[in-house]
Amino acid sequence: MTAPTPIASAATASSLKYRRILLKLSGEALMGRADYGIDPEVISRLAREIIEAQQGGAEVGLVIGGGNIFRGEGLAASGMDRVTGDHMGMLATVINALAMQDALEKQNARVRVMSAIKINEVCEDYIRRRAIRHLEKGRIVIFAAGTGNPFFTTDSAAALRAVEVGAELLLKATKVDGVYDSDPKKNPGAHRYEQVSYDEVIARNLLVMDTAAIALCRDHDMPLRIYDMTKPGNLMRILHGEAVGTLVHGKG
């Protein structure tokens, strides 16, 4: 049996600007270059970065979307009942959470998956106090099944869990290096924001996260940073206080 990941020393942890974080990954992030499913190489690389953050002294919570398998809103657009589609999407996030748990544990991390819907044969139920205790004990906690309710995205779930567990920063990992005023792939002159307020994100429809998630962050003063997950080392740079990507905060 392999030894568990060691918990960082107090000296190492004190060098971090953020002690407890919630990281949001899209399901599509796990696909790599494929059109569907999970790329083992990609999930292994993401696991290494998450473990590096945990070993560096951070308490890490994680929310993963399910868009690489099912997306409730997309299924509803094709004619399926929206509630049924959203429940299928929740189950897809459980699949992704278990895959990430496996990738992390293969690298000797201590991990717990907690689901917002009852699925006790494969993971724990989400209980806020227990989740906080897991984080305090140095376990990486993966929050699955969104909020457990239809009509809410995993962006909203990430914002909700970040607030509930007292995270100091909510991170959204993307394939671009921050928030732009237009699509940088279509507009070479697109402006990247170093910082932007929650209200401006909503008013300009900047598509950082859905409006409900942004409003929840704003109402609870939860800073949100959007960054490029494809560049190795970005997560640790952020934890040490570097201005990587775009910071969303303030009332505007």
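One structure accompanies this document, and this report is about it. Source: prediction; values computed, not measured. (Residues numbered from 1 in each chain as written. Predicted model: local features only at pLDDT ≥ 70, side-chain atom pairs only at ≥ 80, totals over all residues. Heavy atoms only, no water.)

## Focus on the packing of aromatic side chains
Under the convention used in this document: Pairing of aromatic rings covers Phe, Tyr and the six-membered ring of Trp, with a centre-to-centre limit of 6.5 Å; geometry is then stacked below 30 degrees between planes, edge-to-face above 60, and tilted otherwise. Numbering of helices and strands starts at the N terminus; helices are DSSP runs of H or I of at least 4 residues and strands are runs of E of at least 2. Partly exposed residues are those whose accessible area sits between 20% and 50% of the maximum for their type, while under 20% is buried and over 50% is exposed, using a 1.4 Å probe and protein chains only.
As enumerated under the stated definition, the model contains one aromatic pair in all. Seen from their ring centres, Tyr 126 and Phe 143 are 5.6 Å apart, and the 80° between their planes marks the pair as edge-to-face. Linking Tyr 126 in the loop between β4 (124-125) and α5 (128-136) with Phe 143 in strand β5 (residues 140-144), this pair joins segments that are 17 residues apart in sequence. A residue is classified by how much of its surface remains accessible, and Tyr 126, at 16% relative accessible area, is buried. By relative accessible area, Phe 143 is classed as buried at 3%.

## Examining the packing of helix α6 (residues 154-164) against helix α8 (residues 211-219)
Note the following rule: To define axes, lines are fitted to C-alpha atoms, for helices over the stretch in contact only, and angles between the resulting N-to-C directions are given on a 0 to 180 degree scale. Should an angle fall under 35 degrees it is taken as roughly parallel, and over 145 as roughly antiparallel, whereas 65 to 115 is taken as roughly perpendicular and any remaining angle as oblique. The crossing is said to be left-handed when, going from far helix to near helix, the turn is anticlockwise and less than a right angle, and right-handed when the turn is clockwise. The contact rule is simple, with two residues in contact once any of their heavy atoms fall within 4.5 Å. Throughout, the ten residues Ala, Val, Leu, Ile, Met, Phe, Trp, Tyr, Cys and Pro are labelled nonpolar, Asp, Glu, Lys and Arg are labelled charged, and all others, Gly among them, are labelled polar.
Here α6 crosses α8 at 15°, and the two axes come no closer than 8 Å. It follows that α6 is roughly parallel to α8 by the angle criterion. Taken as a pair, α6 and α8 cross one another with a handedness that is left-handed. Residues Asp 155, Ser 156, Ala 159 and Leu 160 of α6 pack against Ala 212, Ala 213, Leu 216 and Cys 217 of α8. Considered class by class, the residues forming the contact of α6 with α8 number six nonpolar, one polar and one charged.

## Structural notes on the environment of Leu 91
The residue Leu 91 is located in helix α4 (residues 82-105) in this model. What makes Leu 91 partly exposed here is its relative accessible area of 42%. With 62 residues separating them along the chain, Leu 91 and Ala 29 place their C-alpha atoms 17 Å apart. Residues in contact with Leu 91, not counting those within four places in the same chain, are Ile 117 and Ile 119.

## Brief notes about the environment of Ser 15
Note that Ser 15 resides in the loop between α1 (10-14) and β1 (20-25). The sequence separation of Ser 15 and Ser 182 amounts to 167 residues, and the corresponding C-alpha distance is 36 Å.

## Looking at α8
Which entries qualify depends on this criterion: Under this definition, polar contacts are N or O atom pairs within 3.5 Å; protein pairs additionally need one hydrogen-donor-capable and one acceptor-capable atom, and for neighbouring residues in sequence, both atoms have to be side-chain atoms.
All of the buried residues along α8 are Ala 213, Ile 214, Ala 215 and Cys 217. The secondary structure elements touched by the buried residues of α8 are α6, β6 (169-174), α7 (198-203) and β10 (224-228). Looking at where α8 begins, the residue whose side-chain oxygen comes 3.1 Å from the main-chain nitrogen of Ala 212 is Asp 210.

## Describing unusual backbone geometry
Phi is mostly negative for residues that are not glycine, and the peptide bonds are mostly trans. Its identity is not glycine, yet Asn 205 carries a phi of approximately 50°, on the positive side. Of note, Asn 205 is situated in the loop between α7 and α8. Under the relative-accessibility criterion, Asn 205 is labelled exposed at 55%. Phi angles above zero are rare outside glycine, and Asp 221 is one such case at about 50°. Position of Asp 221 relative to the elements: it lies in the loop between α8 and β10. Judged by relative accessible area, which is 54%, Asp 221 ranks as exposed.

## Some points on the sheet that holds β1
Where we set the bar: By this definition, two strands are paired if DSSP reports at least two bridges between them.
Read from one edge of the open sheet, nine strands run β4-β3-β5-β2-β1-β6-β10-β11-β9, paired in mixed fashion. Looking along the sheet, the strands with just one partner apiece sit at the ends: β4 and β9 (195-196). In the packing of α6 onto the sheet, contacts are made with β1, β2 (59-64), β5 and β6, and the angle to β1 comes to roughly 175°.

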